[in-house]
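Below, each chain spelled out in residue letters.
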Amino acid sequence: MSTTRESSPWKRFFRFLKPDWMFCFIMLAGLGMLIISIVEPNEVFDGTVSPIVRLFFLAPLTLLLSCVATFAAALDRRKTEDYYFQLMANGAIVAAITTIFVHMVWLIFAKQMGTLTAESLIAILMLSWGLGYFFYRIRGLTA
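In short, a report on the structure. Worth saying up front: this structure is predicted, and the values here are computed from it rather than measured. (Residues numbered from 1 in each chain as written. Predicted model: local features only at pLDDT ≥ 70, side-chain atom pairs only at ≥ 80, totals over all residues. Heavy atoms only, no water.)

1. A few points about the packing of helix α4 (residues 82-108) against helix α6 (residues 118-139)
Part 1 of the reasoning: Where α4 contacts α6, the two axes come as close as 7 Å, and the packing angle between them is 135°. Comparing their axes, α6 and α4 come out oblique. You can see that α4 and α6 cross each other, and the crossing is right-handed.
Part 2 of the reasoning: Residues belonging to the contact of α4 with α6 are distributed by class as follows: 15 nonpolar, 7 polar and 1 charged. (Axes fitted to C-alpha atoms, helices over the stretch in contact; angles between N-to-C directions. Helix = DSSP H or I, 4+ residues; strand = E, 2+ residues; numbered from the N terminus. Parallel < 35°, antiparallel > 145°, perpendicular 65-115°, else oblique. Left-handed = near helix turned anticlockwise from the far one by under 90°. Nonpolar A, V, L, I, M, F, W, Y, C, P; charged D, E, K, R; others polar.)

Next up, the structure:
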C-alpha cells in the first residue's frame, strides 16, 4: 500500500469544479447558445433592427440594470432582517431557474404553441418567484 498522497486525474479535475466556476461556465454557455439562436443569417428584416444591433443594445443595458438592481438589493438588505432577505433571494433563484427551463421547454414546442411573449415570461417569473418564496417560507431555508 502506497503512503504517498497521489491524486488521480479525476480527483484533480473535481477539485477544480468550484460552484463559482461552474456557474460562470453554465451562464457563458447559455449566453453563447442564445447568441447563436438570435443571430440568424437568413433572417428577413421587416423594418426592425438586426439581431446584432439588438445584442449590442441589450448587453450594456443588462449590465447597467444589473448594477442598479445589485445596489438596490444592498439598500433593501440593510433595512430588512437577514432571514427575509434570504427568503427573497432563494425565491429569486427558483424564479430564474424556472423561467429559463420553462422557456427552453417552450422552444421545443414553439411550432405547435407559437411564440412565448415577453408578458408571459414576466408572468412566469413573478409566479415562480412567489411560489419559491412561499415554499421556503413554509419549509424553511434548509429545505
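Moving on, there is more to tell.
2. Thoughts on the packing of aromatic side chains
Part 1 of the reasoning: Tallying each qualifying case throughout the model produces 3 aromatic pairs.
Part 2 of the reasoning: With 5.1 Å between their ring centres and 85° between their planes, Tyr133 and Phe134 make a pair best called edge-to-face. (Phe/Tyr/Trp six-rings, centres within 6.5 Å; stacked < 30°, edge-to-face > 60°.)

3. Observations concerning the environment of Ile97
Part 1 of the reasoning: Structurally, the position occupied by Ile97 is in helix α4.
Part 2 of the reasoning: In this structure the C-alpha to C-alpha distance between Ile97 and Leu125, which are 28 residues apart in sequence, comes to 9.2 Å.

4. Points about the side chain of Ser128
Part 1 of the reasoning: By the element assignment, Ser128 lies in helix α6.
Part 2 of the reasoning: Here the side chain of Ser128 touches Leu125 through a polar contact of 3.2 Å, landing on its backbone oxygen.
Part 3 of the reasoning: If we skip the residues at most four places from it in the chain, Ser128 touches Gly91, Val94, Ala95, Thr98 and Thr99. (Polar contact = N/O pair within 3.5 Å; in protein donor to acceptor, adjacent residues only side chain to side chain. Contact = heavy atoms within 4.5 Å.)

5. Side note on α6
Part 1 of the reasoning: For α6, spanning 22 residues, the distance from its first C-alpha to its last is 31 Å, which sits close to the expected 32 Å at 1.5 Å a residue.
Part 2 of the reasoning: Among all positions in α6, only Ser128, Gly132, Tyr133 and Tyr136 are buried. Buried residues of α6, viewed axially, fall in a sector of 135°; they line one side. Away from its buried face by more than 90 degrees, α6 exposes Glu119, Met126, Leu127, Leu131 and Ile138.
Part 3 of the reasoning: For α6, the secondary structure elements touched by its buried residues are α4.
Part 4 of the reasoning: A positive phi of about 95° marks Gly140, the residue just after α6. (Expected span 1.5 Å × (residues − 1). Buried < 20%, exposed > 50% of the residue type's maximum accessible area, 1.4 Å probe, protein only. Arc of directions from axis to C-beta.)

Such coordinate-based values are descriptive only and should not be taken to indicate function.
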